[in-house]
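# Structure assessment
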Amino acid sequence: MLSIGGITYVTAWNQALAANPTQLGYNAADVATRLGVGIELPYVVVLGRRLRIWHHGGIFIGARSIGDDVHIRHNTTMGVLHRGEGDYKPVIGNRVDVGPGVAILGGVEVGDDVVIGANSVVVKSVPAHTTVFGVPARPVSLIAARPVPEAAREPRADTTAP
């Protein structure tokens, strides 16, 4: 509550904090991350294994989900493109390499094994095994399918550790 001149005000922040006390811890960590390393990552983003953020700073990750083995460079924005109906967020596949200064906007799907060149703006879905570049991003080459290393594969159900 906030008291000014003998009048007490109940702020929306205080009401939210009273309803969910763990929100204070999340808010503190969120502010520290944004100010400390320059990365804004909402808690609703589903992250895959081994996400690597190179040269942190100026990064906003507002995607719906990000796959395994994704590399993200500085000054990257992934988020909603406010056109028409809905709140569509990007979905990033596995083994995607996102260059510096890239904007991935709207409900696009970026397939597996994709390379997105520096300062590209992705507003349309990108098929798997493709390199895209430009504003707006256009395919410039196809990438041969890479074998997935044994260490990155999901463990099989029939193997058990001793």
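What this report covers is the structure whose coordinates are included nearby. All figures in this text were calculated on a predicted structure; none of them were measured in a lab.

Per the counting criterion, the structure on display carries 4 salt bridges. Between D97 and R73 there is a salt bridge; the shortest N-O distance is 2.3 Å. With D97 in strand β11 (residues 97–98) and R73 in the loop between β8 (71–72) and β9 (77–79), this pair connects stretches of sequence that are 24 residues apart. A relative accessible area of 26% places D97 in the partly exposed class. A salt bridge links R95 to D113; its shortest N-O distance comes to 2.8 Å. Of the two residues, R95 sits in the loop between β10 (91–92) and β11 while D113 sits in the loop between β13 (109–110) and β14 (115–116), which places them 18 residues apart along the sequence.

With respect to the helices, strands and loops of the structure, T77 is situated in strand β9. Separated by 23 residues in sequence, T77 and P100 place their C-alpha atoms 9.7 Å apart. T77 has contacts with F60, V102, A103, I104 and L105, leaving out every residue within four places of it along the chain.

To continue, consider the packing of aromatic side chains. Under the definition given, this model contains 0 aromatic pairs. Sitting over the ring of W54, R52 keeps its end group 3.9 Å from the ring centre.

Strand order in the open sheet formed by 5 strands is β3-β6-β9-β12-β15, and the pairing between neighbours is parallel. With partners counted over all chains shown, the strands left at the sheet margins are β3 (39–40) and β15 (121–122), one partner each. Pairing of strand β6 (residues 59–61) with β9 involves 2 bridges; the strand directions are parallel. Residue pairing across strands places I61 opposite M78, the latter belonging to β9.

Of all the 5 residues making up strand β17 (residues 138–142), 0 are buried; the element is thus mostly uncovered. Two elements, strand β16 (residues 130–133) and β17, share 4 bridges in a ladder whose sense is antiparallel. Its bridge partner being in β17, T131 is matched across the sheet by S141.

A sheet is described by the order of its strands in space; here 4 strands give the open sequence β4-β7-β10-β13, paired in parallel fashion. On the outer flanks of this sheet lie β4 (46–47) and β13, each paired with one strand and no other. For β4 and strand β7 (residues 65–66), the ladder comprises 2 bridges, and the chain directions are parallel. Bridge assignment links L47 to a residue of β7, and that residue is I66.

What follows deals with the side chain of T76. Its location among the elements puts T76 in the loop between β8 and β9. Not counting the four nearest positions on each side in its chain, T76 is found in contact with G58, I59, F60, V98, G99, G101 and V102.

Its 16 residues place the ends of helix α2 (residues 22–37) 23 Å apart at the C-alpha level, agreeing with the 22 Å of an ideal helix rising 1.5 Å per residue. Positive phi appears at G38, one or two residues downstream of α2, with a value of about 75°.

Note on soluble globular proteins: their nonpolar side chains tend to be buried together. With 21 residues, the main nonpolar core has I66, M78, I92, I104 and I116 as its most contacted residues. Filtering out sequence-adjacent residues up to four positions away, M78 remains in contact with F60, I61, G62, A63, I66, I72, P90, I92, V98 and I104.

How each quantity is defined
- Residues numbered from 1 in each chain as written.
- Predicted model: local features only at pLDDT ≥ 70, side-chain atom pairs only at ≥ 80, totals over all residues.
- Heavy atoms only, no water.
- Salt bridge = Lys/Arg side-chain N within 4 Å of Asp/Glu carboxyl O.
- Helix = DSSP H or I, 4+ residues; strand = E, 2+ residues; numbered from the N terminus.
- Buried < 20%, exposed > 50% of the residue type's maximum accessible area, 1.4 Å probe, protein only.
- Contact = heavy atoms within 4.5 Å.
- Phe/Tyr/Trp six-rings, centres within 6.5 Å; stacked < 30°, edge-to-face > 60°.
- Lys NZ or Arg CZ within 6 Å of the ring centre and 35° of its normal.
- Pairing = 2+ DSSP bridges.
- Expected span 1.5 Å × (residues − 1).
- Core = buried A, V, L, I, M, F, W, Y, C linked by side-chain atoms within 4.5 Å.

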